Amino acid sequence: PFGLKTVNVGLSADMDPVDFEMYKQHQIEVTGDYSRIDIPGDAENLTAVADSSADFVLHSHVWEHLHNPLRSLHEWVRVVKNGGLIFVMVPHRNALSTDRSRNITSIKYLSALLDGQSPDLWNVPHRGHHTVFSPHLLMQIQHAFNARHVSSGVHLELVSFLEMDDKI
């Protein structure tokens, strides 16, 4: 809960009861409440959300769990109005003990996933972090996205950066 009037898109209990309950309980532990799902959906395939229909997309500690984070970024760009914002909150590199022994995910790996290749560099558990982010990787994602879309006029711009991870 961020105190914003939002429409929440996410896994519903019908889509994946185990994940839904796990994430619901985690939100309650961290914030005392959980975000109700208004539109059941997958961050990588927001078919229920119209093009250029949202002022912003806000995701908190979601991106690292997705199998194909760049595909989700393309979906978020698709649904955000021109001039809209995408708020990205990802955990610190060492947030989970299981991530500490892993390398930062490379932009090459993420780009290969986006291009339909299936590089299997890590054996990541179904509910684990698929991507280990760093500030540098976030900047690489921005530059790679902009380079890929140079002719379309779509451009990601860093508006603000905060090196803080309080999950709220």
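Above: the structure in question.
In this report, the structure presented in the accompanying data block is examined. (Residues numbered from 1 in each chain as written. Predicted model: local features only at pLDDT ≥ 70, side-chain atom pairs only at ≥ 80, totals over all residues. Heavy atoms only, no water.)

1. Let's talk about the packing of aromatic side chains
Then, in step 1: Across all of its chains, the model carries three aromatic pairs by this definition.
Then, in step 2: An angle of 50 degrees between the planes, with centres 5.7 Å apart, marks the rings of W63 and W76 as tilted. Of this pair, W63 sits in the loop between β3 (54–60) and α2 (69–79) while W76 sits in helix α2, and the two are 13 residues apart along the sequence. For the residue pair W63 and W76, the accessibility class agrees, reading buried in each case. (Phe/Tyr/Trp six-rings, centres within 6.5 Å; stacked < 30°, edge-to-face > 60°. Helix = DSSP H or I, 4+ residues; strand = E, 2+ residues; numbered from the N terminus. Buried < 20%, exposed > 50% of the residue type's maximum accessible area, 1.4 Å probe, protein only.)

2. Notes on the nonpolar core
Then, in step 1: Counting residues in each nonpolar core, the largest one holds 23 residues, and the members touching the most others are W63, L73, W76, L110 and I141.
Then, in step 2: When residues of this core are traced back to their parent elements, those giving at least two are α2, α4 (107–114) and α5 (135–148). (Core = buried A, V, L, I, M, F, W, Y, C linked by side-chain atoms within 4.5 Å.)

3. Details of α4
Then, in step 1: Burial within α4 is extensive, with seven of its eight residues counted as buried.
Then, in step 2: Regarding α4, the residues found buried are I107, Y109, L110, S111, A112, L113 and L114.
Then, in step 3: If you follow the buried residues of α4, they end up packed against α2 and α5. (Contact = heavy atoms within 4.5 Å.)

4. Section: the environment of L4
Then, in step 1: Within the secondary structure, L4 sits in the segment before β1 (9–10).
Then, in step 2: Residue classification places L4 among the partly exposed positions, given a relative accessible area of 46%.
Then, in step 3: Distance in space between the C-alpha atoms of L4 and Y34 is 14 Å, their sequence separation being 30 residues.
Then, in step 4: Ignoring sequence-local partners within four residues, the contact set of L4 consists of F56 and L58.

5. Things to note about the side chain of H129
Then, in step 1: With respect to the helices and strands, the residue H129 is situated in the loop between α4 and α5.
Then, in step 2: Classification of H129 as buried rests on a relative accessible area of 7%.
Then, in step 3: Separated by 2.6 Å, the side chains of H129 and D99 make a polar contact. (Polar contact = N/O pair within 3.5 Å; in protein donor to acceptor, adjacent residues only side chain to side chain.)

6. With respect to the pairing of β3
Then, in step 1: Relative to strand β4 (residues 80–89), β3 is paired through six bridges, and the arrangement is parallel. Looking at β4, one finds that H59 is bridged to V88. (Pairing = 2+ DSSP bridges.)

7. Some thoughts on the pattern of salt bridges
Close approach of charged atoms allows side chains with opposite charge to pair.
Then, in step 1: Applying the stated criterion across every chain, the model contains seven salt bridges.
Then, in step 2: A salt bridge links D51 to R78; its shortest N-O distance comes to 2.5 Å. Note that D51 is positioned in the loop between β2 (39–40) and β3 and R78 in helix α2, a separation of 27 residues in sequence.
Then, in step 3: Classification of R78 as partly exposed rests on a relative accessible area of 24%.
Then, in step 4: Its salt-bridge partner being R102, residue D99 comes within 3.2 Å of it at the nearest N-O pair. Grouping residues by exposure puts D99 and R102 together as buried. (Salt bridge = Lys/Arg side-chain N within 4 Å of Asp/Glu carboxyl O.)

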